[in-house]
Amino acid sequence: MRIHYIANIRLPTEKAHGIQVMKMCESFADQGVSVNLIVPTRVNLDIKERNPFKYYGVRSTFDITKVSSFDPIWLWKLGRGIYIKLQSAFFMLSLSLYLLFLREKEDIIFYTRDEYLLSLLLRFSKKVVWEGHSLPRRRNSYIRHWRKCFRIVAISNGLKKDLVGLGLDGNKIFGLKPWIWLVMIITAAGFVFPRIFF
């Protein structure tokens, strides 16, 4: 089995989600699973250390694939919303081409925090896992994608209840208790076991 963790982030980044993504991949790898972290070729010019493993102090037990994607950084001047929408669109296009030529097609899992990637990922695999942090504004447009997900990891039982309230099957939603999520962030102790996927 191989997990492809897809994250539309700069890597490395000074933001908290960077270390969380890296530690999650390390934890998956510690469970004996082959892991490939897929990110766009976005660069943080304020960070001199380009090696994510050295920057975060994470063991290099998994692969990192940087998909060539145009980053319209100059659009920041027009507003963060415009930049994010266009950057995400460019990444989805590049990711589509990458997945189209992905060699291994069997026994793979796509794992992502980005709900807008679900529609794309579900075209390439039935085993898609969404890590939910909160409900998006246009939640109704994502319900059909969440229903098709193989598993959902909700970072709180409250979020799990909200998803069940939208008509999703609670049996496939793994709700994390707050203290477990805190330990995952701080120590990456491996609380997300492969049983989520089997």
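Treat the numbers as computed from the prediction; the structure is a model and nothing was measured.

So, how was this worked out
Residues numbered from 1 in each chain as written. Predicted model: local features only at pLDDT ≥ 70, side-chain atom pairs only at ≥ 80, totals over all residues. Heavy atoms only, no water. Helix = DSSP H or I, 4+ residues; strand = E, 2+ residues; numbered from the N terminus. Buried < 20%, exposed > 50% of the residue type's maximum accessible area, 1.4 Å probe, protein only. Areas by Shrake-Rupley, 256 points an atom, 1.4 Å probe, with all protein chains shown as cover. Patch = residues over 30% accessible without salt bridge, like charges linked within 9 Å, V, L, I, M, F, W, Y side chains within 5 Å. Salt bridge = Lys/Arg side-chain N within 4 Å of Asp/Glu carboxyl O. Contact = heavy atoms within 4.5 Å. Core = buried A, V, L, I, M, F, W, Y, C linked by side-chain atoms within 4.5 Å. Pairing = 2+ DSSP bridges. Axes fitted to C-alpha atoms, helices over the stretch in contact; angles between N-to-C directions. Phe/Tyr/Trp six-rings, centres within 6.5 Å; stacked < 30°, edge-to-face > 60°. Lys NZ or Arg CZ within 6 Å of the ring centre and 35° of its normal.

Draft legend 1. Quick look at the overall build of the chain. Looking only at helices and strands, the chain has 7 helices and 7 strands in total. Burial statistics for the chain: of 198 residues in total, 48% are counted as buried. Looking at the chain as shown, the accessible area adds up to about 10,500 Å², and 56% of this sits on carbon and sulfur atoms.

Draft legend 2. Here's a closer look at a nonpolar patch on the surface. Residues F70, I82, L86 and F90 make up a contiguous nonpolar surface patch of about 340 Å² in total accessible area. For I82, the position within the fold is in helix α3 (residues 80-100). For I82, a relative accessible area of 41% translates into the label partly exposed.

Draft legend 3. Focus on the environment of L117. With respect to the helices and strands, the residue L117 is situated in the loop between β4 (108-112) and α4 (118-121). The residues touching L117, leaving out its near neighbours within four places in the chain, are I6, F91, M92, L95 and T112.

Draft legend 4. Region of interest: the nonpolar core. Within the largest apolar cluster, 27 residues are counted, with the highest numbers of intra-cluster contacts made by I6, L95, F110, L121, W146, I152 and L163. Within the residue set of this core, elements represented by two or more residues are α3, β4, α4, β5 (128-132), α5 (143-148), β6 (151-154) and α6 (157-165). Non-local contacts of I152, meaning those with residues more than four positions away in its chain, are made with W130, W146, L163, L168, K172, I173 and F174. Residues I3, V21, M22 and V35 belong to the second largest nonpolar core, which totals 24 residues.

Draft legend 5. Region of the structure containing the sheet that holds strand β1 (residues 2-6). With parallel pairing, 7 strands are arranged side by side in an open sheet as β3-β2-β1-β4-β5-β6-β7. With one partner strand each, in any of the chains shown, β3 (63-67) and β7 (173-175) form the two edges of the open sheet. Shown here is a sheet whose adjacent strand axes are inclined to one another by a mean of 20°, direction ignored. Bridge count between β6 and β7: 3 bridges; the pairing is parallel. Across the sheet, residue I152 finds its bridge partner in β7, namely I173. Strands β5, β6 and β7 of the sheet are contacted by α6, whose axis makes an angle of about 150° with β7.

Draft legend 6. Focus on the pattern of salt bridges. Throughout the structure, instances matching the rule amount to 6 salt bridges. Among the salt bridges present, the one from R10 reaches D71, with a minimum N-O distance of 3.5 Å. Separated by 61 residues along the polypeptide, R10 in the loop between β1 and α1 (16-30) and D71 in the loop between β3 and α3 bring together distant segments of the chain. Side by side, R10 and D71 carry an identical accessibility label, which is buried. For K23, the salt bridge goes to E26, with nearest N and O atoms at 3.5 Å. You can see K23 and its partner E26 sitting in helix α1, 3 residues apart, about one turn around the helix. Take K23: its relative accessible area is 18%, and that puts it in the buried class.

Draft legend 7. Region of the structure containing the packing of aromatic side chains. For the coordinates displayed, the defined rule picks out 7 aromatic pairs. Ring centres of F28 and Y111 lie 5.3 Å apart, and the angle between their planes is 70°; this geometry places the pair in the edge-to-face category. Of this pair, F28 sits in helix α1 while Y111 sits in strand β4, and the two are 83 residues apart along the sequence. Relative accessible area serves as the criterion here: at 0%, Y111 is assigned to the buried category. The ring of F150 has R151 sitting right over it, with the charged end atom 4.4 Å from the ring centre.

Take it as geometry only, folks, not as evidence of what the structure does.
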